[in-house]
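# Analysis of the macromolecular model
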Amino acid sequence: MKTINIMLSIMMISIFMVSCKKDTSEPTTNYPLSVRMTDAPGPYNAVFIDLQGVEITGSNGKAVLMNVNTGIYNLLAYSNGMDTLIATGSLNVATVSQIRLILGPNNSVMVDSVLYPLDTPSADQSGLKLQVHQTLQAGVLYSILLDFDANKSIVMTGNGTYKLKPVIRTIETAISGAIRGSITPAGTLAVVTATSASSVTYTSNVNAAGDFLLMGLPAGMYSVTITPQAPFNEVTLNNIAVSTGNTTIIGTVTL
């Protein structure tokens, strides 16, 4: 009986020590994230992309598949400040290092009311990879805006077909500014270029209504050049100030 009591005492002490052992494991922190998409206007009736997946890779090298609103998107429906939500999810590390867009085969472009298929280079079929360096905050929904430049992303080949070679940049709206304006007469095709003091350029196109928006501009001074089709001449506006988190309105420019 004495032996049994000793054994029971040892078992009780062991259980007590295990229950009192400090939990040194680190709690898992989730960093919520959403991905939105916008576009610069282009000289097409429509540009359709077949979005099938979005994958986010954190600084730890682990990839996470986002919850994606799959489907066919007309990029030209999301220009001049409009955007659309394409994916949501979360990471367990605070830094995003890469975004991978997975496109399906049903990409097309409409030119003069005729729809043409867009061939996708084999290198992009496994997913278009964008290198980014975004720092997230726990409990705060962070949004990454993808600027899909339809004008630069479509290449017409010599045999009358079109290829999709996506040109996309990420925009941090919280730490950048924008320039908004318009031209007259409306309906004139024109390219708008903002050039910083360090000679970095940002371009967009004027839409059918004559409006344009240049987004994702670091704070500073810019010159804005509007290059219209003939018979109109190029116009340049100097000393346009851009500040973080604000949109500079330059009004209507007469060609």
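Here the residue numbers are simple positions, counted from 1 along each chain's written sequence. Side-chain atom pairs in this predicted model are given and counted only at pLDDT of 80 or more, local residue features only at pLDDT of at least 70, and totals for whole chains, interfaces and linings cover all residues. For side-chain calculations, the full set of non-hydrogen atoms in the structure is used, while hydrogens and water are omitted.

## Re the sheet that holds strand 6 (residues 84–91)
For two strands to be treated as a pair, DSSP must find no fewer than two bridges joining them. Every helix listed is a DSSP run of H or I at least four residues long, and every strand listed is a run of E at least two residues long, numbered separately from the N terminus. Strand order in the open sheet formed by 5 strands is 4-6-1-11-14, with mixed pairing between adjacent strands. Each edge of the open sheet is held by one strand with a lone partner, namely strand 4 (67–68) and strand 14 (168–171). Here 2 bridges tie strand 4 to strand 6, and the two strands are oriented antiparallel to one another. Looking at the pairing, Val 68 lines up with Ala 87 of strand 6.

## A short note on the side chain of Thr 225
With respect to the helices and strands, Thr 225 occurs in strand 19 (residues 220–228). With residues up to four places along the chain from it excluded, the contact list for Thr 225 reads Val 191, Val 192, Thr 193, Glu 234, Val 235 and Thr 236. Any pair of residues with heavy atoms lying within 4.5 Å of one another is described as a contacting pair.

## Here we look at the nonpolar core
The criterion is simple. A nonpolar core is a set of buried Ala, Val, Leu, Ile, Met, Phe, Trp, Tyr and Cys residues joined through side-chain atoms within 4.5 Å. Buried means the residue's accessible area, taken with a 1.4 Å probe over protein chains only, is under 20% of the maximum for its type, while exposed means over 50%, and partly exposed covers the values in between. By size, the foremost hydrophobic cluster in this structure holds 38 residues, and its most contacted members are Val 47, Val 54, Ile 56, Ile 86, Val 96, Ile 99 and Leu 146. With 5 residues, the top contributor of residues to this core is strand 2 (residues 46–58). Ignoring any residue separated from it by four or fewer positions in sequence, one finds Val 96 in contact with Leu 33, Ile 56, Thr 57, Gly 58, Leu 91, Val 132, His 133, Gln 134, Leu 136 and Ile 144. If you look at the next biggest cluster of nonpolar residues, it comprises 18 residues, including Ile 183, Tyr 222, Val 224 and Ile 250.

## Structural notes on the packing of aromatic side chains
Aromatic rings in a pair are described by how distant their centres are and how their planes are angled relative to each other. Note on ring pairs: Phe, Tyr and Trp rings are taken, using the six-membered ring of Trp, and paired if centres are within 6.5 Å. Classes follow the plane angle, with under 30 degrees stacked, over 60 edge-to-face and the rest tilted. Counted under the stated rule, the structure contains 2 aromatic pairs. With centroids separated by 5.1 Å and ring planes inclined at 50 degrees, the aromatic side chains of Tyr 116 and Tyr 162 adopt a geometry described as tilted. Remark: Tyr 162 occurs in strand 13 (residues 162–164) and Tyr 116 occurs in strand 9 (residues 114–119); sequence separation between them is 46 residues. We classify Tyr 162 as buried; its relative accessible area is 8%. Plain terms: the ring middles of Tyr 202 and Tyr 222 are 6.4 Å apart, the flat faces sit at 65 degrees to each other, and that makes the pair edge-to-face. Taken together, the residues Tyr 202 in strand 17 (residues 201–205) and Tyr 222 in strand 19 connect sequence positions 20 residues apart. Residue Tyr 202 is classed as buried on the basis of its relative accessible area of 16%. Classification of Tyr 222 as buried rests on a relative accessible area of 4%.

## Observations regarding unusual backbone geometry
Cis geometry is found at the peptide bond from Thr 184 to Pro 185, where omega equals 5 degrees. Its place among the elements puts Pro 185 in the loop between strand 15 (177–184) and strand 16 (190–196). The phi torsion at Asp 112 lies on the positive side, around 50 degrees, for a residue other than glycine. As for its position among the elements, Asp 112 is in the loop between strand 8 (108–111) and strand 9. Positive phi, close to 70 degrees, is recorded for Ser 113, a residue that is not glycine. With respect to the secondary-structure elements, Ser 113 resides in the loop between strand 8 and strand 9. Among the residues examined, Ser 113 registers a relative accessible area of 62% and is labelled exposed.

## Remarks on the sheet that holds strand 21 (residues 247–254)
Reading across the sheet, the 3 strands line up as 18-15-21 and stay open at both edges, with mixed pairing between neighbours. Looking along the sheet, the strands with just one partner apiece sit at the ends: strand 18 (211–217) and strand 21. On average, each strand axis in the sheet is inclined to that of its neighbour by 15 degrees, with strand direction left out of account. Taken together, the 6 bridges between strand 15 and strand 21 define a ladder with parallel strand orientation. For Ser 182, the partnering residue across the bridge sits in strand 21 and is Thr 252. To obtain each axis, a line is fitted to C-alpha atoms, and for helices this fit is confined to the stretch in contact; angles are then taken between N-to-C directions over 0 to 180 degrees.

## What about the confidence of the model for the chain?
In this model, the chain carries a mean pLDDT of 84, and residues with pLDDT of at least 70 account for 86%. As a per-residue quantity, pLDDT reports the predictor's confidence and falls between 0 and 100. For the chain, per-element mean pLDDT is lowest for helix 1 (residues 2–20), which scores 49, and highest for strand 20 (residues 235–242), which scores 96. Here residues 15–26 scores under 50 on pLDDT; set against residues more than four positions off or in separate chains, the count is 0 contacts.

## Here we look at the pairing of strand 17
Across 5 bridges, the pairing between strand 16 and strand 17 is antiparallel. Considered in strand 17, the bridge of Thr 193 is made with Thr 203. The turn joining strand 16 and strand 17, which pair antiparallel and follow one another in sequence, is formed by 4 residues; a positive phi near 70 degrees is taken by Ser 199.

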